[in-house]
Amino acid sequence: MLDAKYVRTNPEEVAEKLKKRNFNLDVELVKKLEAERREIQVKTESLQQERNARAKSIGKAKAAGEDIAPLLAAVDQLKADHAAAELELNDIQAKLDEILFSIPNIPDAEVPEGKSEDDNVEIRRWGEPKTFDFEPKDHLDLGTSLSQMDMECAAKLTGSRFAVMKGDIARLHRALIQFMINTHIEEHGYQEAYVPFMVNRDSLFGTGQLPKFEEDLFKLTDEREFYMIPTAEVPLTNMVRDEIVDEASLPLKFVCHSPCFRSEAGAYGRDTRGMIRQHQFEKVEMVKIVKPEDSEQELESLVANAETILQKLELPYRTVILCGGDIGFSAARTYDIEVWLPSQQKYREISSCSNVRDFQARRMKARYRNKETGKPEFLHTLNGSGLAAGRALIAVMENYQTETGAIEIPKVLQPYMGGKTIIEA
RNA sequence: GGUGGGGUGGCUGAGUGGUCGAAAGCGGCGGUCUUGAAAACCGUUGACUGUAACAGGUCCUAGGGUUCGAAUCCCUACCCCACCGCCA
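Cut-off values and rules
- Residues numbered from 1 in each chain as written.
- Chains lettered and ligands numbered in written order.
- Predicted model: local features only at pLDDT ≥ 70, side-chain atom pairs only at ≥ 80, totals over all residues.
- Heavy atoms only, no water.
- Pairing = 2+ DSSP bridges.
- Helix = DSSP H or I, 4+ residues; strand = E, 2+ residues; numbered from the N terminus.
- Contact = heavy atoms within 4.5 Å.
- Axes fitted to C-alpha atoms, helices over the stretch in contact; angles between N-to-C directions.
- Left-handed = near helix turned anticlockwise from the far one by under 90°.
- Nonpolar A, V, L, I, M, F, W, Y, C, P; charged D, E, K, R; others polar.
- Domains from an automatic or database assignment.
- Buried area = accessible area lost by both parts, 1.4 Å probe.
- Salt bridge = Lys/Arg side-chain N within 4 Å of Asp/Glu carboxyl O.
- Polar contact = N/O pair within 3.5 Å; in protein donor to acceptor, adjacent residues only side chain to side chain.

Draft legend 1. Looking closely at the sheet that holds strand β1 (residues 121-126). Overall, mixed pairing links the eight strands, which are arranged β1-β8-β9-β10-β13-β7-β6-β2 in an open sheet. Each edge of the sheet is formed by a strand with only one pairing partner; in this case those strands are β1 and β2 (191-192). Taken together, the two bridges between β2 and strand β6 (residues 252-261) define a ladder with parallel strand orientation. Bridge pairing in β6 places Glu 192 opposite Val 255. Strands in contact with helix α8 (residues 167-187) are β2, β6, β7 (280-290) and β13 (380-388); relative to β7, the strand with the most contacts, it is inclined by about 10°.

Written out as structure tokens, the structure reads:
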């Protein structure tokens, strides 16, 4: 969330900056509620002050052995007034919080203007889209004819938007995950983490999925009300929730493989075929917890770490910076990496890397002690996929297919496949 | 699941109704000493809010209650620890 003080002292400025993401802040409402809050808070606090003073004097009188009965009678009305004022204050504070919690992050100045993903701006490309001298199949045709991918079976087990994989394809999927994690811990200095795949409300609030995006999540129905994680970003980032982190341990860099569960996937009727958009998919996630002055630079290296995976897999990709209209709720700046899919003749998102700045840290009260000021200050958090495993699998299958419907195995994955070099029927 | 014990500042931990935002230690910061560092010694040091600066307010896991007054008493929830039971 944004700094409440900043929002209430400069609502017009905030509204102006949020226009870039097509977010409309009701400035008049904020001003009106804020004026009320101020008045009621002053009233409540002065009543509190009075109550505290009276209570103290009663204590003194009692200690001195005086008769306190008249003092007790005098304090009755005060008590009732204070209780009423407090209720009123809580009510208005709740209204203000509701607004504050649903305001998205302010985009960086460098974020391009734009309405949709069509307005994202390409930063760079790597590799050349491969040309085939036959009609390339998509991953579903390839997987199905190998009898190693079965969407009908998944639909029987659960429903639409789930997948069953078998044999070498299942192993290739796992190989990708192992390869990615190993690369990040061995070459990029991340610490591997294993975390819960169900989290509580506080965690989802901390990273910004709640309260606004409840419908995107799978929620458990028992009395504990846990949620399935939509990304490992949630548990990883929340590790520092309510902590004052030792400055010497920064930056924290975590990498974690997890399944991700998203209810919204499929709500738009997009990518209904194959494994592109699923309710459950695997992802290797990178999260960095850093000092504010480092976050810009850490975002660049985060993207580079993700790109390295595609380079080692020799998959053509491009990197774009998301425009104001396409950027996520918590992010100040996001780079998407898009991999080439021959079946679609398009680049498709395979990683999303964001600098969240202090937006999540403020929600989570995640701080470090600044040596120079001696004061606790909010950390900056970043997250990025490194990479989405399901989409990486699709990209490998489609880019490495042969005319006979076999799939060559990228060199870097062969050690994870028992030395195998090709998957064929 | 059962029984018992707990949850207090960055950390450990004392505090059972008013003089407690809270002893002590550790850690941090400043200093003395030292070529420098360590040790030792001295001083200092909670967070949030609020103010031009004071003042004021809130915070002892969370939510309710009792009371003029709650870290302290009562209820509920969550979490942790120990032992027992069960179990991959």
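Draft legend 2. Highlighting the sheet that holds strand β12 (residues 376-378). Read from one edge to the other, the open sheet built from three strands follows the order β5-β11-β12, with strand pairing classed as mixed. Every interior strand has two partners, whereas the edge strands, β5 (244-245) and β12, have only one. Where strand β11 (residues 367-369) meets β12, three bridges bridge the pair, whose relative direction is antiparallel. Each residue of the ladder has a partner; that of Arg 369, found in β12, is Pro 376.

Draft legend 3. Geometry of the packing of α8 against helix α13 (residues 389-399). Interaxial distance between α8 and α13 falls to 9 Å at its minimum, and their mutual angle equals 115°. The interaxial crossing formed by α8 with α13 has right-handed handedness. Mapping the contact onto sequence places Ile 169, Leu 172, His 173, Leu 176, Ile 177 and Met 180 in α8 and Ala 389, Gly 390, Ala 392, Leu 393, Val 396 and Met 397 in α13. Class assignment of the residues belonging to the contact of α8 with α13 gives a composition of ten nonpolar, two polar and no charged.

Draft legend 4. Broad picture of the domain arrangement of chain A. Here the domain parsing of chain A yields domain 1 (4-102) and domain 2 (117-423). One C-alpha centre belongs to domain 1, the other to domain 2; they are set 43 Å apart. Facing six residues of domain 1, the contacting portion of domain 2 comprises ten residues. Carbon and sulfur atoms make up 53% of the area that domain 1 and domain 2 hide from each other, which totals about 630 Å². By the criterion of area lost to domain 2, the three top residues of domain 1 are Arg 21, Phe 101 and Ser 102, representing 79% of everything that side buries. Remark: the boundary between domain 1 and domain 2 carries zero salt bridges. Taken together, the connections running from domain 1 to domain 2 amount to five residue pairs in polar contact (both at pLDDT 80 or more). For the side of domain 1 that touches domain 2, a count of residues per class yields two nonpolar, two polar and two charged.

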